[in-house]
Protein chains: 2
Amino acid sequence: MLFFTQCFGAVLDLIHLRFQHYKAKRVFSAAGQLVCVVNPTHSLKYAPARCAAAQASTEQGILPPCHHHEAVHDPQLVPCTCPLFSCPWEGHLEVVVSHLRQTHRINILQGAEIVFLATDMHLPAPTDWIIMHSCLGHQFLLVLRKQEKYEGHPQFFATMMLIGTPTQADNFTYRLELNRNQRRLKWEATPRSVLECVDSVISDGDCLVLNTSLAQLFSDNGSLAIGIAITTSKVHSSEAEM
Amino acid sequence: MLFFTQCFGAVLDLIHLRFQHYKAKRVFSAAGQLVCVVNPTHSLKYAPARCAAAQASTEQGILPPCHHHEAVHDPQLVPCTCPLFSCPWEGHLEVVVSHLRQTHRINILQGAEIVFLATDMHLPAPTDWIIMHSCLGHQFLLVLRKQEKYEGHPQFFATMMLIGTPTQADNFTYRLELNRNQRRLKWEATPRSVLECVDSVISDGDCLVLNTSLAQLFSDNGSLAIGIAITTSKVHSSEAEM
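Residues numbered from 1 in each chain as written. Chains lettered and ligands numbered in written order. Predicted model: local features only at pLDDT ≥ 70, side-chain atom pairs only at ≥ 80, totals over all residues. Heavy atoms only, no water.

**Re the overall build of chain A**
Argument step 1. Within chain A one finds seven helices and 16 strands.
Argument step 2. Within chain A, contacts between residues separated by at least 24 positions form 60% of all contacts whose residues are at least 6 apart in sequence.
Argument step 3. Accessible surface, chain A as shown: approximately 12100 Å² in total, 56% of it carbon and sulfur. (Helix = DSSP H or I, 4+ residues; strand = E, 2+ residues; numbered from the N terminus. Contact = heavy atoms within 4.5 Å. Areas by Shrake-Rupley, 256 points an atom, 1.4 Å probe, with all protein chains shown as cover.)

So this is what it looks like as structure tokens:
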């Protein structure tokens, strides 16, 4: 009997260890799809003082925070495209990915189709959930943001941007899909370039928009799973029909 | 020369007549799909005095306007399900369709897939666009409503309801699809029964929700085309995966 109890305990320990391993990696595969657990980041964009302090570095500390709406003089030199911080960093497109990874610790995932699992959806706005997605030879930035456009009524905005030029972005189509509780919501669009500003995409509402009640219907235990797929774009066949 | 001018004039007249015919029918077919042009109705629900006057009839005039949230004592006896008026009519499910057609002049369309073309999207809220859709042996009510949930920020809400019981409604799935300007938005859900209130579905936001800027992106010349499809429901296959 004692033997069986110990065996059972060992099995439980193994299960627990495996769970810990998953938790540590925060990336696992479900039914062949790569699932990425994305923890929220309380957006510091709206707190410039704290942001400036966090981002200050020896050589860049005296620079004012960048304004995404400013004209970009060198078309290859872009302001920091990370929507988390009003980041003073400016750099060439080629090094934006490494900047996002190193400075802002944003994860990068490979795969044509992935599931973005945003945790702690209940956290107050403003909050961001961000990953990079490497696919079809390019890197994309997925931003889910909880924001109060109308005071007291937080909404969720999700969009995908290509870390590349607008001309390159026109070659792709991204799809975001929510599927739960006998409801399905799909948004398909051409990604915008990170040379455009994620803030303006969200304030224009040209993205997937969810009110709180819909977000709750699609959430499971406080986490929202968004299926992501990127394809090379083709003319939408049914568009001509309509 | 005069002969040719007259011939040309006659052809133009024919074209004009044909156009008038289409306008009168307000239903035509594009690429095999039935397109129904739906004109807006300025919602009178929000103007009870005007509504009561408009709806008063000899035998029903003294009845108070029905309240959709009241308990329905006879499960087969439902208050008027038309969301346009705070209508004092109450009747059995079987005669709701004829009431909607006769009293509220709501069109009914046949076909598994139709396109609902709502005109004059710019009109101020509150405004409704409504049709009935006859399909798979049942009648469905499609309601598109422009409403200001947050003052000064009108939004569009679209939902489909079965003119039948909740148990019957569970057997179906409806899909609403917008497709324009390299963007596609799809909403799939189980229709609610008209025994539930369309107002509560919309106020809960458990429907397709569009902000003004998205509605503009999907509109063509002030009209919004919504593709509608109804199927008998099956378990969403990818739901299990996610």
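**What to know about helix α3 (residues 96-104) of chain B**
All names here are of chain B.
Argument step 1. Where α3 is concerned, the buried positions are V96, V97, H99, L100 and H104. Looking straight down α3, one finds that the buried residues subtend no more than 165 degrees of arc, so they occupy a single side.
Argument step 2. R105 occupies a position one or two residues after α3 and carries a positive phi of about 55 degrees. (Buried < 20%, exposed > 50% of the residue type's maximum accessible area, 1.4 Å probe, protein only. Arc of directions from axis to C-beta.)

**Here's the deal with the pattern of salt bridges**
Argument step 1. What the rule picks out here adds up to 16 salt bridges over all chains.
Argument step 2. For the salt bridge of D128 of chain A with R145 of chain A, the shortest nitrogen-to-oxygen distance reads 2.8 Å. Of this pair, D128 of chain A sits in strand β8 (residues 127-135) while R145 of chain A sits in strand β9 (residues 138-150), and the two are 17 residues apart along the sequence. Summarising the burial analysis for this pair, D128 of chain A and R145 of chain A share the class buried.
Argument step 3. Taken together, the salt bridges that share partners define one network made up of R183 of chain A together with R192, E196 and D206 of chain B. (Salt bridge = Lys/Arg side-chain N within 4 Å of Asp/Glu carboxyl O.)

**Considerations on empty space enclosed by the protein**
Here the idea is plain: a probe the size of a water molecule rolls over the atoms and shows the empty space left.
Argument step 1. Applying the stated criterion across every chain yields a total of seven cavities of 30 Å³ or more.
Argument step 2. Each pocket or cavity is described by its volume, and for the largest cavity that value is around 140 Å³.
Argument step 3. The wall of the largest cavity is formed by 16 residues, among which V209 and L210 of chain A together with V209, L210 and L214 of chain B lie closest to the centre.
Argument step 4. If you list the elements that add at least two residues to the lining of the largest cavity, you get β14 (208-211) of chain A together with β14 (208-211) of chain B.
Argument step 5. Here the lining of the largest cavity is built from residues that sort into twelve nonpolar, four polar and no charged. (1 Å grid on protein atoms, 1.4 Å probe; cavity = no way out; pocket = protein on both sides within 12 Å on 5 of 7 lines; lining within 4 Å. Points joined across faces, edges and corners; volume = space filled by probe spheres on them. Nonpolar A, V, L, I, M, F, W, Y, C, P; charged D, E, K, R; others polar.)

**Observations concerning the environment of I130 of chain A**
Residues and elements named next belong to chain A.
Argument step 1. For I130, the position within the fold is in strand β8.
Argument step 2. Accessibility expressed as a relative area gives 8% for I130, which makes it buried.
Argument step 3. Along the backbone, I130 and C207 are 77 residues apart, and their C-alpha atoms lie at a distance of 15 Å.

**With respect to the packing of aromatic side chains**
Argument step 1. Counted according to the given criterion, the structure contains seven aromatic pairs over all chains.
Argument step 2. Arranged with centres 6.4 Å apart and planes meeting at 90 degrees, the rings of F218 of chain A and W187 of chain B form a pair that is edge-to-face. One end of the pair, F218 of chain A, is in helix α6 (residues 212-218); the other, W187 of chain B, is in strand β12 (residues 183-189), on a second chain.
Argument step 3. For F218 of chain A, a relative accessible area of 3% translates into the label buried. (Phe/Tyr/Trp six-rings, centres within 6.5 Å; stacked < 30°, edge-to-face > 60°.)

**Some points on unusual backbone geometry**
Argument step 1. Cis geometry is found at the peptide bond from A125 of chain A to P126 of chain A, where omega equals -5 degrees.
Argument step 2. Not every positive phi belongs to a glycine, and R105 of chain A is a case in point at roughly 55 degrees.
Argument step 3. Here R105 of chain A is to be found in the loop between α3 (96-102) and β6 (108-110).
Argument step 4. With relative accessibility at 71%, the residue R105 of chain A sits in the exposed group.
Argument step 5. Residue D120 of chain B is not a glycine yet carries a positive backbone phi of 55 degrees.
Argument step 6. Considering the arrangement of structural elements, one finds D120 of chain B in the loop between β7 (113-118) and β8 (127-135).

**Overview of the confidence of the model for chain A**
Residues and elements named next belong to chain A.
Argument step 1. Looking at chain A, pLDDT values average 74 and 64% of them are 70 or higher.
Argument step 2. By mean pLDDT, helix α2 (residues 48-55) is the weakest element of chain A at 32, and strand β12 (residues 183-189) is the strongest at 97.
Argument step 3. Scored below 50 in pLDDT, residues 14-25 makes two contacts in the model with residues more than four places away or belonging to other chains.
Argument step 4. Note that residues 235-242 has pLDDT below 50 and, in this model, 19 contacts with residues that lie over four places away or in other chains.
Argument step 5. In the predicted assembly, ipTM is 0.72 and pTM is 0.73. (pLDDT = per-residue confidence, 0-100.)

**A closer look at the UniProt feature "domain: Seven-in-absentia protein TRAF-like" (unreviewed entry) in chain A**
Argument step 1. The UniProt feature table records "domain: Seven-in-absentia protein TRAF-like" (unreviewed entry) at residues 134-228 of chain A.
Argument step 2. With 19% helix and 58% strand, residues 134-228 of chain A has end C-alpha atoms that lie 12 Å from one another. (UniProt positions renumbered as here; feature names shortened; annotations may be inferred.)

**Focus: the environment of V194 of chain A**
Residue and element names in this part refer to chain A.
Argument step 1. As for its placement among the helices and strands, V194 is situated in the loop between β13 (192-193) and α5 (198-204).
Argument step 2. In this structure V194 comes out as buried when scored by relative accessible area, which is 7%.
Argument step 3. V194 sits 29 residues away from T165 along the chain, and the two C-alpha atoms are 7.5 Å apart.

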